[in-house]
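Analysis of the macromolecular model
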Amino acid sequence: MKLRPIHYLAIGFASVLALLVVLLHFSLSRLDDIGTSLYHITHEHITKNHLIGTMHEGIRKRQISLRDILLMPDLFDREEESLRFYSYAVPIAESRNKLAALNLTADERILVDRISALIKVSYPIQNDLVDAALVSERITRLNRKLENAIASQNDVINELKKLSKLHERQSSNTIQNTTNTLQDARNLVNTIGVTAFLL
């Protein structure tokens, strides 16, 4: 049986239609990738940034409160400020636990573990200093302890800064990958449009 021109036209049309279906499938999968990337940006990255910021803010508040305790001449004022000092530890611990429970990269996990270890070292130093300030009339003797307490807290802050910078780089990479995927999807849609127009 000899093929007539109408058969060639039908085969060509079916081939082009199959190509369009394949291109459409690829562009839809790219759009799905974009949706996944946007989900990670809006949920994971923003949550991590918020938790890191909360920890950083709480640690700074503890440092300021500790300094204020040592500058206050009145023992009752020191006691009142010590309650605030201890209360700042709660959001830090909550944020650290929430951050540790998230899906972290290996580098993030190392930094979070290091931060936890440094907090375990710095909190007792600070708490001892506060306790000493609450029973001592002579605050000037505690200056050396204050330097140690602030230095240990600065170690925690430095690790938080490293974690924040790492997270910024990862966010930038995710955004760049999403942009590339979006461009790929646009190119596929343009190819489909041109092909459909030529039909």
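Quantities reported herein were computed from a predicted structural model and do not represent experimental measurements. (Residues numbered from 1 in each chain as written. Predicted model: local features only at pLDDT ≥ 70, side-chain atom pairs only at ≥ 80, totals over all residues. Heavy atoms only, no water.)

**A look at a positive patch on the surface**
How we decide: Only residues whose relative accessible area exceeds 30% and that take part in no salt bridge are eligible for patches, with like-charged residues grouped when within 9 Å of each other and nonpolar side chains (Val, Leu, Ile, Met, Phe, Trp, Tyr) grouped when within 5 Å. Computed with a 1.4 Å probe, the accessible areas rest on the Shrake-Rupley method; for each residue, only the protein chains presented here act as cover. Any carboxyl oxygen of Asp or Glu that lies within 4 Å of a side-chain nitrogen of Lys or Arg is treated as forming a salt bridge with it. Only four residue types enter the tally: Lys and Arg on the positive side, Asp and Glu on the negative side; His and the chain ends are excluded. All charge positions are set by atom: Lys at NZ, Arg at CZ, Asp at CG, Glu at CD. Only DSSP runs of H or I reaching four residues or more are called helices, and only runs of E reaching two or more are called strands; each is numbered from the N terminus. Here's how the labels work: a residue is buried when its accessible area is under 20% of the maximum for its type, exposed when over 50%, partly exposed in between, all with a 1.4 Å probe on protein chains only.
The grouping of R60, K161, K165 and R169 at the surface amounts to a positive patch. At three residues, the largest contribution of residues to the positive patch is made by helix α5 (residues 143-198). With respect to the secondary-structure elements, K165 resides in helix α5. Here K165 falls in the exposed class, since its relative accessible area comes to 54%.

**Digging into helix α1 (residues 5-71)**
Which entries qualify depends on this criterion: A helix is expected to reach a length of 1.5 Å times the quantity of its residues less one. Two axes define the bend at a residue: one fitted to the seven residues ending there, one fitted to the seven starting there, and the bend is the angle between them.
With 67 residues, α1 should reach 99 Å at 1.5 Å per residue; the first-to-last C-alpha distance of 97 Å fits that figure. The sharpest bend along α1 comes to roughly 25°, located at I41.

**Focus: the side chain of S152**
Heads up, the condition is: Throughout this description, a polar contact denotes any pair of N or O atoms lying within 3.5 Å of each other; where both atoms belong to protein, one of them has to be capable of donating a hydrogen while the other can accept it, and for residues adjacent in sequence the pair is counted only when both atoms sit in side chains. The contact criterion used is simple: two residues touch if any of their non-hydrogen atoms lie within 4.5 Å.
Positionally, S152 belongs in helix α5. S152 sits in the buried class, given a relative accessible area of 9%. A distance of 2.8 Å separates the side chain of S152 from the backbone oxygen of A149, its partner in a polar contact. Apart from residues lying up to four places away in sequence, S152 is in contact with S122, I125 and Q126.

**Structural notes on the confidence of the model for the protein**
Put simply, the rule is: Think of pLDDT as the predictor's per-residue confidence, scored from 0 to 100.
Residues of the protein with pLDDT of at least 70 account for 93%, and the chain-wide mean is 83. Across the protein, helix α3 (residues 89-101) holds the top mean pLDDT of 94, while α5 sits lowest at 79.

**So, the packing of α1 against α3**
Which entries qualify depends on this criterion: In this analysis, axes come from line fits to C-alpha atoms, helices being fitted only over the stretch in contact, and the angle between any two N-to-C directions falls in the range 0 to 180 degrees. Oblique is the label for any angle not covered by the other classes, which are roughly parallel (under 35 degrees), roughly antiparallel (over 145) and roughly perpendicular (65 to 115). Two helices crossing with the near one rotated counterclockwise from the far one by less than a right angle form a left-handed crossing, whereas a clockwise rotation gives a right-handed crossing. Three categories are distinguished: nonpolar for Ala, Val, Leu, Ile, Met, Phe, Trp, Tyr, Cys and Pro, charged for Asp, Glu, Lys and Arg, and polar for the others, with Gly belonging to the last.
At a minimum axis separation of 8 Å, α1 and α3 run at an interaxial angle of 155°. Classed by the angle they form, the pair α1 and α3 counts as roughly antiparallel. Here the hand of the crossing between α1 and α3 comes out left-handed. Counting all contacts with α1, which are made through K48, L51, I52, T54, M55, G58, I59 and R62, the residues of α3 involved are A89, P91, I92, S95, R96, K98 and L99. Its residues assigned to classes, the contact of α1 with α3 comprises eight nonpolar, three polar and four charged.

**Quick look at the environment of I41**
Here I41 shows up in helix α1. Residues I41 and T178, spaced 137 residues apart in sequence, show a C-alpha to C-alpha distance of 9.6 Å.

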